[in-house]
Amino acid sequence: MLDSFTARRRALVDKVLSQRGIDDPRVLSAMRTVPREAFVDDQLHDVIYRDCAQPIGYGQTISQPFTVAFMVQAARLRPSDRILEVGTGSGYGAAVLAELGEIVHTLERLPELAASAARTLAALGYGNVHVHTGDGTLGFPDAAPYDAIVVTAGAAELPACYREQLCDGGRIVIPLGETQRRQKLFRFELRGQELSVEDLGDFAFVPLIGEHGWRAE
Ligand code: SAH
């Protein structure tokens, strides 16, 4: 017998994500594997497998499942990839990335969220995820270069240091917009000296706050 979370997770993947254009089998499998309920308070358990963002405290959210799946699919991850995530939040997205790449460094500016995410990820056995507290608009040079940089909060423009911390062939997936609450998601790809960019459509993320992002209010 499947427990009810596993059954609801499978239904979300098979009935929602697959219907909305998520077709990479590795991404679908990661979304079927990571227990989203472990990253939120018990009182959200009834709604955690709806395809919606949910509050995680401190004015932040755990991203909508579709958004997580869309971003990781856009990052075209391979099992050997070294990944930087900016915006750990609950840690859920980091766990999905950890299913798809070799190692994940994830940065969160709010120490309380970083600590709680690190505890959850350790309890679930994600030894390949390293949670750091800090300003992710500076990237994380200590573990660079990365094959992929995935940013889960919206900036006005691409922080220049991300390109410097990317491998040749590396991808950056980041929401960019002129206001703090509405963005377009972009994929940048580095080939030699050339950084190409593609617009992947409209999304709404919380703001990326830091030296090369928005100012804290
Ligand atoms: N991937 C997360 C979603 C997090 S929402 C999840 O699955 O739960 C975005 C997060 O980015 C928030 O927790 C916010 O505090 C964080 N954030 C905003 N600006 C940041 C910055 N400059 N560096 C690191 N984290 C930042």
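Residues numbered from 1 in each chain as written. Predicted model: local features only at pLDDT ≥ 70, side-chain atom pairs only at ≥ 80, totals over all residues. Heavy atoms only, no water.

A few words now on the pairing of strand 6 (residues 146-151). Where burial is concerned, most of strand 6 is hidden: six out of the six residues are buried. Sheet analysis places strand 3 (residues 82-86) next to strand 6, joined by four bridges and oriented parallel. The partner of Glu 85 across the bridge, within strand 6, is Val 150. Pairing of strand 6 with strand 7 (residues 166-176) involves four bridges; the strand directions are parallel. If you follow Tyr 146 over to strand 7, its bridge partner there is Leu 166. (Buried < 20%, exposed > 50% of the residue type's maximum accessible area, 1.4 Å probe, protein only. Helix = DSSP H or I, 4+ residues; strand = E, 2+ residues; numbered from the N terminus. Pairing = 2+ DSSP bridges.)

This brings us to the site of the ligand. Neighbouring residues of the ligand: 26 residues in total, closest Ser 90, Glu 108, Asp 135, Gly 136 and Ile 209. Taking Ser 90, its side chain carries an N or O atom lying 2.6 Å from an oxygen atom of the ligand. With respect to the ligand, the backbone of Arg 109 contributes an N or O atom lying 3.2 Å from a nitrogen atom. Here the ligand has 580 Å² of accessible area as a free molecule, and 99% of this is covered by the chains. The pocket occupied by the ligand, as judged from atoms lying within 2 Å of grid points, is the largest pocket. At the level of secondary structure, the elements contributing two or more residues to the shell around the ligand comprise strand 2 (60-62), helix 4 (92-100) and strand 4 (103-108). Here the shell around the ligand takes three residues from strand 2, the largest share from any one element. Of the residues that constitute the shell around the ligand, the class distribution is 10 nonpolar, 12 polar and four charged. (Near = heavy atom within 4 Å. Polar contact = N/O pair within 3.5 Å; in protein donor to acceptor, adjacent residues only side chain to side chain. Areas by Shrake-Rupley, 256 points an atom, 1.4 Å probe, with all protein chains shown as cover. 1 Å grid on protein atoms, 1.4 Å probe; cavity = no way out; pocket = protein on both sides within 12 Å on 5 of 7 lines; lining within 4 Å. Sits in = over half its atoms within 2 Å of the grid points. Nonpolar A, V, L, I, M, F, W, Y, C, P; charged D, E, K, R; others polar.)

This part takes up the packing of aromatic side chains. Overall, the coordinates contain six aromatic pairs when judged by the stated rule. Considering the side-chain rings of Phe 66 and Phe 70, the 5.6 Å spacing of their centres and the 45° angle between planes classify their relative orientation as tilted. Of the two residues, Phe 66 and Phe 70 both sit in helix 3 (residues 65-74), four residues apart, roughly one turn of that helix. A single burial state applies to Phe 66 and to Phe 70, both of which are buried. Between the aromatic rings of Phe 203 and Phe 205, the centroid separation amounts to 6.1 Å while the plane-to-plane angle is 40°, which identifies the pairing as tilted. Neither residue differs from the other here; Phe 203 and Phe 205 are each classed as buried. (Phe/Tyr/Trp six-rings, centres within 6.5 Å; stacked < 30°, edge-to-face > 60°.)

The next subject is the layout of surface pockets. Size it by volume and the largest pocket reaches roughly 740 Å³. Looking at the lining of the largest pocket, the elements that each hand over two or more residues are strand 2, helix 3, strand 3, helix 4 and strand 4. Looking at the lining of the largest pocket element by element, the count peaks at four residues for helix 3. Class assignment of the residues belonging to the lining of the largest pocket gives a composition of 22 nonpolar, 15 polar and six charged. The space that makes up the second largest pocket amounts to roughly 250 Å³. Around the second largest pocket sit 17 residues that line it, and Phe 39, Asp 41, Ile 56, Leu 113 and Ser 116 are the ones nearest its centre. Of all elements in the fold, only strand 1 (54-57) and helix 5 (111-123) reach the threshold of two or more residues within the lining of the second largest pocket. Looking at the lining of the second largest pocket residue by residue, the classes come out as nine nonpolar, five polar and three charged. (Points joined across faces, edges and corners; volume = space filled by probe spheres on them.)

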